[in-house]
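# Summary of the model geometry
Residue strings, one per chain:
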Amino acid sequence: MPSAPLDVAIIVPTLNEAGNIAAMVLALDVALTGTRYEIIFVDDWSADGTPEAVAVAATDRRDIRLIRRYGRRGLSSAVVEGALATVAPVVAVIDADMQHDESLLPRLIAAVSSGAADVAIGSRYVADGSVGDWNATRARGSRVATTLSKRLLKVDVADPMSGFFAIRRELVIAALPKLSSMGFKILLDLLVSAPQPLKIVELPFTFRTRNAGTSKLDSTVAVDFALMLADKSIGRWIPARLLMFGLVGALGLLVHLGLLRIGLGFGASFSTAMAIAVVGAISFNFVLNNTLTYRDRRLKGAAWVWGLISFYAVCGIGAIANVGVGSIAFNSHYSWWLAGVAGAAVGSVWNFAASSVLTWRKR
């Protein structure tokens, strides 16, 4: 006999959240009594036993599923993959760390299921909502990010940075072609990428302290957010990743010029000094691009070594042109720094295109 259709799929992105899985499942079971639901954990290759904890929680249950991802990372893309893996008409997103108030889920789901809203958001910034025990620095950073997103992307929502919301699954699919899927602010991405205006309801909740494990917030989160803002604002003209690659290249240019000047200062010929500068700049660019530009495809261990080798190979063609053009410019009596800039600019587009395919290719 076929089972009753699902009302909602609860998507829980995870990365090293083993200590929270059992508590999260219990809390959802209590909050969603009377609701036909499934829980989809989308795990980014956790190393702390998170998949095993999900397997234990799923014992004798068919409503708990696990999607494991290797070589891909990011809350936004995890939510998208979870939404595409269910047939439930509504999907709800909640953090695995117990900081979102799961008791609000029935109201969020009901608002969407009834048609009162296309998206129902758990909001920290409407009346009776709160960021809880955040320190002043984190609260200020969240306010700044919220203000930037509202002004730059024209989003009329009190808390577009929330990671706690329910939405009709078909709207995720409709927005998919325009989603950047960068970083961790999938709600903002969905709101901006939706092909038509959305009916939005915001319900207050108080952000709680983490139950177990450690926060995933770090300095690169700000980079992810900046990349998404760039992608949604100027991405139609300049891809955000290309922009970041270019900014890293600009810093690499400073390294390039610095090494070039040092080499000339030690009496090396221009060609020799230029070659040293090129090798140093390529190494610098690889490390920074691996950390920032391609954070979602970050290479580690043996893959890092092979990635560096492939990046040298990719940049080899540009490097040959770099040294050649720079030398010609220098020998034509241009200043050393202008010759260096000319040489460094030659292979930049090739380096980006080829490294995206070969060094940081999607898995």
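Above: the structure in question.
What follows is about helix α13 (residues 348–358). For α13, the complete set of buried residues consists of Asn351, Phe352, Ala354, Ser355 and Ser356. On its buried face, α13 sits against α9 (240–265) and α11 (301–331).

This part takes up the packing of aromatic side chains. A full pass over the atoms with the stated rule returns eleven aromatic pairs. For the ring pair phenylalanine 205 and phenylalanine 207, a centre distance of 6.3 Å and an interplane angle of 50 degrees mean the geometry is tilted. The pair phenylalanine 205 / phenylalanine 207 is uniform in exposure class, with both members buried. Summarising the aromatic geometry, the rings of phenylalanine 245 and phenylalanine 352 are spaced 5.2 Å apart at their centres and angled 65 degrees between planes, so their arrangement reads as edge-to-face. With phenylalanine 245 in helix α9 and phenylalanine 352 in helix α13, the pair connects residues that are 107 residues apart, well separated along the chain.

Phi at asparagine 16 takes a positive value of approximately 55 degrees, unusual for a residue other than glycine. Mapping asparagine 16 onto the fold places it in the loop between β1 (8–14) and α1 (21–31). Positive phi, normally seen in glycine, also occurs at aspartate 128, with a value near 75 degrees. Relative to the helices and strands, aspartate 128 is located in the loop between β5 (119–123) and α5 (136–153).

A contiguous nonpolar surface patch, about 530 Å² in accessible area, is contributed by Ile234, Trp237, Ile238, Leu242, Leu243 and Leu247. Here the element with the most residues in the nonpolar patch is α9; it accounts for three residues. Here leucine 243 is to be found in helix α9. We classify leucine 243 as partly exposed; its relative accessible area is 30%.

The side-chain alternation of strand β4 (residues 90–93) yields two buried faces, one formed by Val90 and Ala92 and the other by Val91 and Val93. Where β1 lies against β4, four bridges are found, and the strand directions are parallel. Note that in β4 the partner of valine 8 across the bridge is valine 90. Across four bridges, the pairing between β4 and strand β6 (residues 165–168) is antiparallel. What sits directly across from valine 90, in β6, is arginine 168.

Our next topic: the pairing of β6. Bridge analysis of β5 against β6 gives three bridges, and the strand direction is antiparallel. Each bridged residue has a counterpart across the sheet, and for isoleucine 121 the counterpart in β6 is phenylalanine 165.

Basis of the calculations
- Chains are numbered independently. Their residues run from 1 in the order of the written sequence.
- pLDDT decides what is reported in this predicted model: residues at 70 or higher carry local features, side-chain atom pairs at 80 or more are listed and counted, and totals for whole chains, interfaces and linings draw on all residues regardless.
- The basis for every side-chain value is the complete set of heavy atoms in the structure, and neither hydrogens nor water enter the calculation.
- Think of it in three bands: residues with accessible area under 20% of the maximum for their type are buried, residues over 50% are exposed, and the middle band is partly exposed, with areas taken using a 1.4 Å probe on protein chains only.
- Only DSSP runs of H or I covering at least 4 residues are called helices, and only runs of E covering at least 2 are called strands; the numbering of each starts at the N terminus.
- Contact between two residues is taken to exist if any of their heavy atoms lie within 4.5 Å; hydrogens are not considered.
- For this analysis, a ring pair means two rings from Phe, Tyr or Trp (six-membered ring only for Trp) whose centres lie within 6.5 Å, classed as stacked if their planes differ by under 30 degrees, edge-to-face if by over 60, and tilted for the remaining angles.
- Each patch is built from salt-bridge-free residues with over 30% relative accessible area, joining like charges within 9 Å and nonpolar side chains (Val, Leu, Ile, Met, Phe, Trp, Tyr) within 5 Å.
- Here, Shrake-Rupley sampling with a 1.4 Å probe gives the accessible areas, and only protein chains in the shown set may cover a residue.
- Counted as salt bridges are all cases of a side-chain nitrogen of Lys or Arg within 4 Å of a carboxyl oxygen of Asp or Glu.
- Think of it this way: DSSP has to see at least two bridges between two strands before they count as a pair.

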